[in-house]
Amino acid sequence: MTPTDPNAELILLVEDTPSLRMMYGASLSRNGLTVEACGTAREALEAFQRLHPPVVLLDLTLPDGTGLEVMREMLALRPRTCVIVITANGSINKAVEMMRAGAYEFLVKPFDDQRLLAAVRNALAARHHRPAPRSSAGAADPAEADPPAPFIGNSPAMRAVYAKIRSVARSMATVFITGESGTGKELCAEAVHAASPRAHGPFIALNCGAIPADLLESEVFGHLRGSFTGAISDKPGAAAAADGGTLFLDEVCEMDLNLQTKLLRFLQTSTVTPVGATRPRKVDVRIVCATNRNPLDEVRAGRFREDLYYRLHVVPIHLPPLRERGDDVNLIARRLLVEMAREEDRRFTGISDEVAAIFRSLPWPGNVRQVINVLRNVVVLNDGDEVLPEMLPPDLRGAPPPAAAAEPGAPAGPSLNGDPLSGLAGLTLAQIERLAIEAAIARHGGSLPRAAVELDVSPSTLYRKRDAWEKADREG
Amino acid sequence: MSYTPSDAGDASLFDPLTLDRVLSVGGQDLREALVTQILADLERLRREIGAGSSDLRRRAAHEVKGLAATIGAEGLARLAGQIEAEAEPVSEAGSLAVAQGIERLIARLTSKAGPADE
């Protein structure tokens, strides 16, 4: 094809079926893009070397080679090229393989011209935000050694996670985050968003496990006024609210099968239909999801759709538990301790060597969230320059809970496991409630549902309170 | 010899609105050129899927799957996908079924009437 506008962005289109090549090319051309089209791997590589296109649309199956081989050669020559893979339905696994090998996005036939155009425009925009490629000597950019905010830690396990976040952030690939409770899955999603070309767009997080099942569809896709009892006004829904940005679906395995079907359709069509609406609406959203379950177990048990799993599980990121992160626990503890001390007007500036050794030895089933709970407990109930072992909750230092009766005149103990009234003087009711809830959660290894059983409240009550505390802590 | 696809549904399933949307990507000249190219591709694929090695038939089935899905021939796309996924060798009966599906689609596209009843 002959370029008509020398300033138009150039797209290299590699598709072996002539009529499809004509369709895609015409669709892009009428939207102001310049298209160079070819039908074989050899032609594609020759055109790529000659024209240096910023974006390549590449069919997975070519008569003289595979899309994977072609893409590898292209990215070896020009790593910042955005390659959008075109695949037919049923080849999702191959598309996922391409994503892991460096593709920017994949399109599944059949797709309409709007979908095609959105993918190409996103890729062109992403090109302007791509980090500079590494030098030929292979030396790492020093900035890349720093953990992405707000992560803390430099263990080998987390450095691998940081590298993956940076690598996946610039593409549109769906990210699937797994890890135990309290490992920072939402932080990871925020880091992916912040490092992406969509950082200026909205980041909308939805905890699928905290919302009643009968309201979840409305929360995700929105509703129209009157569409059900209680729908007193129109509501856009999280997917529409995330238009232009990132939608984070936490505890995605909590979705029921009916809603999973609708989520799959959303992923396939990029349209949302609010509850009660008849007309779908196009949205441009990048999906990140997370679960603390094993998603494949959920698929095998029939609780999670296999096709949805493969659609979501494009780039997996697994967050290691704190016990596998070496001394990161102490880096985290020291940083958070200083912040909490400032909030609570305490003198703490660090932790003693004995406490550091205790922290390194603990299994931390509640992970970073458990560390936060422990530190909050210590800071609220104690003061000093350093956190000492006797300030830790008894179950952490291995000591039995203190005896119920204290000697007259003895200072109030810092434990919530003995006399629940001792040591609470001067605290507000909200602080006491928080201590009691956090202590229960810590006793149950970070499990909110089990803590809820002990406290005789619903799990959603504890999730709401925890979310409110985290928000308040972030806002300082 | 008849071929019964296990999960391809009605192989004649066709949505003319999808084709119309695809053909509306440009003006009349482009529309005519596209129709001509689609017919040429279908004719080529009908020949390829009926002859040659199992590997060639599988590749042709893959191409039919993508093209048929894009122009609204959902049933033919599913049938072709099933043939593509068959274990070696690709069955002649299955290939013949796809070829017949392509013939019907060509007839439909070249007919001046509406979608034909099957």
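Above: the structure in question.
Every value quoted in this text rests on a predicted model; they were computed, and no experiment measured them. (Residues numbered from 1 in each chain as written. Chains lettered and ligands numbered in written order. Predicted model: local features only at pLDDT ≥ 70, side-chain atom pairs only at ≥ 80, totals over all residues. Heavy atoms only, no water.)

1. Comments concerning the packing of helix 2 (residues 41-51) of chain A against helix 3 (residues 67-77) of chain A
Residue and element names in this part refer to chain A. How we decide: As a rule, the C-alpha atoms of each element are fitted with a line to give its axis, helices using only the stretch in contact, and angles between N-to-C directions run from 0 to 180 degrees. Secondary structure follows DSSP: runs of H or I at least 4 residues long count as helices, runs of E at least 2 residues long count as strands, and numbering of each begins at the N terminus. To sort the angles, those under 35 degrees are grouped as roughly parallel, those over 145 as roughly antiparallel, those from 65 to 115 as roughly perpendicular, and the leftovers as oblique. We call two residues in contact whenever any of their non-hydrogen atoms come within 4.5 Å of each other. Any residue outside Ala, Val, Leu, Ile, Met, Phe, Trp, Tyr, Cys, Pro, Asp, Glu, Lys and Arg is labelled polar, Gly included; the first ten of those are nonpolar and the last four are charged.
Where helix 2 contacts helix 3, the two axes come as close as 10 Å, and the packing angle between them is 10 degrees. Taken together, helix 2 and helix 3 sit at an angle that is classed as roughly parallel. Mapping the contact onto sequence places Ala 41, Ala 44, Leu 45, Phe 48 and Gln 49 in helix 2 and Val 70, Glu 73, Met 74 and Leu 77 in helix 3. Looking at the contact of helix 2 with helix 3 residue by residue, the class counts come to seven nonpolar, one polar and one charged.

2. Topic: the sheet that holds strand 8 (residues 175-178) of chain A
Residues and elements named next belong to chain A. Inclusion rule: Strand pairing follows a simple DSSP-based rule, namely that at least 2 bridges must link the two strands.
The strand order across the open sheet formed by five strands is 9-10-13-8-14, and the pairing between neighbours is parallel. Of all the strands in the sheet, the pair left with one neighbour each is strand 9 (203-207) and strand 14 (315-318). This sheet shows a mean twist of 20 degrees between the axes of neighbouring strands, independent of strand direction.

3. What to know about the pattern of salt bridges
Residue and element names in this part refer to chain A. We apply this condition: By convention in these notes, a salt bridge is any Lys or Arg side-chain nitrogen within 4 Å of a carboxyl oxygen on Asp or Glu. Burial classes follow relative accessibility: with a 1.4 Å probe on protein chains only, a residue under 20% of its type's maximum area counts as buried, one over 50% as exposed, and anything between as partly exposed.
Scanning the entire structure with this criterion turns up 34 salt bridges over all chains. In this structure, the salt-bridge partner of Asp 327 is Arg 360, at a minimum N-O distance of 2.7 Å. Of this pair, Asp 327 sits in the loop between strand 14 and helix 13 (328-343) while Arg 360 sits in helix 14 (residues 353-361); the two residues are 33 residues apart in sequence, bridging distant segments of the chain. For Asp 327, a relative accessible area of 32% corresponds to the partly exposed category. Overall, Arg 360 belongs to the partly exposed group, its relative accessible area being 45%. Of the charged contacts, one joins Glu 433 and Lys 465 as a salt bridge, the two residues approaching to 3.3 Å between their closest N and O atoms.

4. Digging into the environment of Tyr309(A)
Residue and element names in this part refer to chain A. As for its placement among the helices and strands, Tyr 309 is situated in helix 12 (residues 306-312). Look at Tyr 309 and you get buried, because its relative accessible area is 6%. Sequence spacing of Tyr 309 and Cys 253 is 56 residues, and the spatial spacing of their C-alpha atoms is 9.5 Å. If near-sequence neighbours (up to four positions away) are discounted, Tyr 309 is found in contact with Pro 295, Leu 296, Val 299 and Phe 304.

5. Structural notes on the sheet that holds strand 7 (residues 105-109) of chain A
All names here are of chain A. In spatial order, the strands read 2-1-3-6-7; together these five strands make up an open sheet with parallel pairing. For this open sheet the edge positions go to strand 2 (34-38) and strand 7, each flanked by a neighbour on one side alone. With direction set aside, neighbouring strand axes in the sheet form an average angle of 20 degrees.

6. Details of helix 2 of chain A
All names here are of chain A. Selection criterion: By definition, the arc is the one covered by directions from the helix axis to the C-beta atoms.
Residues of helix 2 that are buried include every one of Ala 41, Ala 44, Leu 45, Ala 47 and Phe 48, and no others. Buried residues along helix 2 cover an arc of 165 degrees about the axis, so they all sit on one side. Against the buried residues of helix 2 lie strand 1 (10-14), strand 2, strand 3 (55-59), strand 4 (61-62), strand 5 (65-66) and helix 3. Of the residues trailing helix 2, His 52 is marked for its positive phi of about 50 degrees.

7. A look at unusual backbone geometry
All names here are of chain A. Following Lys 109, the chain continues into Pro 110 via a peptide bond in cis, with omega recorded as 0 degrees. Note that Pro 110 resides in the loop between strand 7 and helix 5 (113-129). If you check the backbone angles, Glu 251 has positive phi at about 55 degrees while not being a glycine. Locating Glu 251 in the fold gives a position in the loop between strand 10 (246-250) and helix 10 (257-269). According to the relative accessible area criterion, Glu 251 is buried, its value standing at 12%.

8. Some words on helix 18 (residues 448-455) of chain A
All names here are of chain A. Every buried residue of helix 18 is accounted for by Leu 448, Ala 451 and Ala 452. The arc enclosing the buried residues of helix 18, seen along the axis, measures out at 105 degrees, which places them on a common side. For helix 18, exposure combined with an orientation more than 90 degrees from the buried face picks out Arg 450 and Val 453. Backbone geometry just downstream of helix 18 places Asp 456 in the positive-phi region, at approximately 60 degrees.

9. Quick word on the pairing of strand 3 of chain A
Residue and element names in this part refer to chain A. Counting buried positions over the five residues of strand 3 gives five, a clear majority of the element. In strand 3, alternate side chains face the same way, and those of Val 55, Leu 57 and Asp 59 on one face and Val 56 and Leu 58 on the other are all buried. Looking at chain direction, strand 3 and strand 6 (residues 82-88) are connected through five bridges and run parallel. Note that in strand 6 the partner of Val 56 across the bridge is Val 83.

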